[in-house]
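Structural overview
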Amino acid sequence: MTNEKVEVGTISAAEAFKEGNWYHEALAKGLTISYEVKEVFHRGRSDFQTVEVVDTVPFGKCLITDRLLQSSLGDEAIYHESLVQPAMTAHPNPKKVFIGGGGEGGTLREVLRHKSVTECVMVDIDGDVVEMCRKHTPEYSAGAYENPRTKLIIDDAKGQLEGFADEYFDVIILDLSDPLEGGPCDQLYTTNFYTTCLAKLNKGGILVTQSGCAGSLDADHCFTAVHNTLKQVFPKVWGYTAHVPAFTSEWGFNVAHRVDGEDIAGLAADIDVRLENKGVTDLKWYDSVTHSRMFSLGKFVRTMLANEKRVLTVDNKISMTDVTSGIKTDK
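These numbers come from a predicted model, not from an experiment. (Residues numbered from 1 in each chain as written. Predicted model: local features only at pLDDT ≥ 70, side-chain atom pairs only at ≥ 80, totals over all residues. Heavy atoms only, no water.)

On to the packing of helix α2 (residues 76–90) against helix α9 (residues 268–278). Between α2 and α9, the shortest axis-to-axis distance is 10 Å and the interhelical angle comes to 80°. In terms of orientation, α2 and α9 fall into the roughly perpendicular class. The residues of α9 that touch α2, namely those facing Q85, M88, T89 and A90, are I271, R274, L275 and K278. By residue class, the composition of the contact of α2 with α9 is four nonpolar, two polar and two charged. (Axes fitted to C-alpha atoms, helices over the stretch in contact; angles between N-to-C directions. Helix = DSSP H or I, 4+ residues; strand = E, 2+ residues; numbered from the N terminus. Parallel < 35°, antiparallel > 145°, perpendicular 65-115°, else oblique. Contact = heavy atoms within 4.5 Å. Nonpolar A, V, L, I, M, F, W, Y, C, P; charged D, E, K, R; others polar.)

Here's what the structure looks like:
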């Protein structure tokens, strides 16, 4: 990210975009955010989605799939530590971990910080995403793909998870693309898939999934529906959020116990000690204070959660948008 001082305020589109290469991401009716792109490292289509890796002025290197920004180097630590560390820290001794998705490698990097992990199975359906990120954004994975504890599989996460014995994993982490109509992941936000996840976790197991935007005005687009769907399968579910600047919103996560275990939301006072005991000492974002903040949801979001009635199934899926929405380019 640049620290260069710039003039801010309302200006015309003609003035704002008269120079440079700009990407425009439609977030809602009447609301678009624009990024100036310095360099395009890769632009193409895989068997499953469009894939771009670009370098932007405000957020550095970014991964974009199906025209939606998935992560940026400038703030990826916020997203990846928020997704991984609460579940991994809450589990007393995570040894076997399953990651669904996670092509950038940041989620894998965070899991492998925990020395207790003996095996981390990462399954991403799109080998092009993995390859492009390994080539153009190696900062995300930081050598995690070469770690002998890593087992990378390019395939469908659902099919691969079904092939493991019941109660095999200690932690399951779902770092999936948002559910999109026509996208590769919409079935992985349903009771059907969560029932499979429940069976594959051991009795002390924990599941966590990214759950889309979770701000005061948009938490009911996806986050609350995923939360309520998980509640139909798991005995205890907690929703939490973190502000990820590149996503221009609070971002939502849901974590669940296979059995009715300790209160993950209430662990804030113990987090720093647990991280130290686990040898996880160089985090940029997550600690005791941050844990408390993430699990302290605003009243708007709490109300949406309380009122949520949707349950996502194979026949009743959710779609935040479709593959024709999202980022448009000037060139």
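Spatial ordering of the open sheet is given by β8-β7-β6-β9-β11-β13-β12, a layout of seven strands whose pairing is mixed. Sheet topology places β8 (150–154) and β12 (236–244) at the edges, where each strand pairs with a single neighbour. This sheet shows a mean twist of 15° between the axes of neighbouring strands, independent of strand direction. Across nine bridges, β12 lies against strand β13 (residues 249–257) in antiparallel orientation. The residue bridging G239 from the neighbouring strand is N254, located in β13. Together, β7 (119–124) and β8 form the strand contacts of helix α4 (residues 127–136), whose direction differs from that of β8 by roughly 130°. (Pairing = 2+ DSSP bridges.)

Moving on: the environment of F41. As for its position among the elements, F41 is in strand β2 (residues 31–45). Note: C-alpha distance between F41 and V280 (239 residues apart in sequence) is 33 Å. Leaving out residues up to four positions away in the same chain, F41 has contacts with V53, V54, D55, K61 and H136.

Moving on, we get to α4. Among the residues of α4, V129, V130, M132, C133 and H136 are the ones counted as buried. Looking at the buried residues of α4, the elements they touch are β2, β3 (50–56), β4 (60–65), β7, α5 (138–141) and β8. Put simply, D126 is the residue that caps the front of α4, since its side-chain oxygen is 3.1 Å from the backbone nitrogen of D128. (Buried < 20%, exposed > 50% of the residue type's maximum accessible area, 1.4 Å probe, protein only. Polar contact = N/O pair within 3.5 Å; in protein donor to acceptor, adjacent residues only side chain to side chain.)

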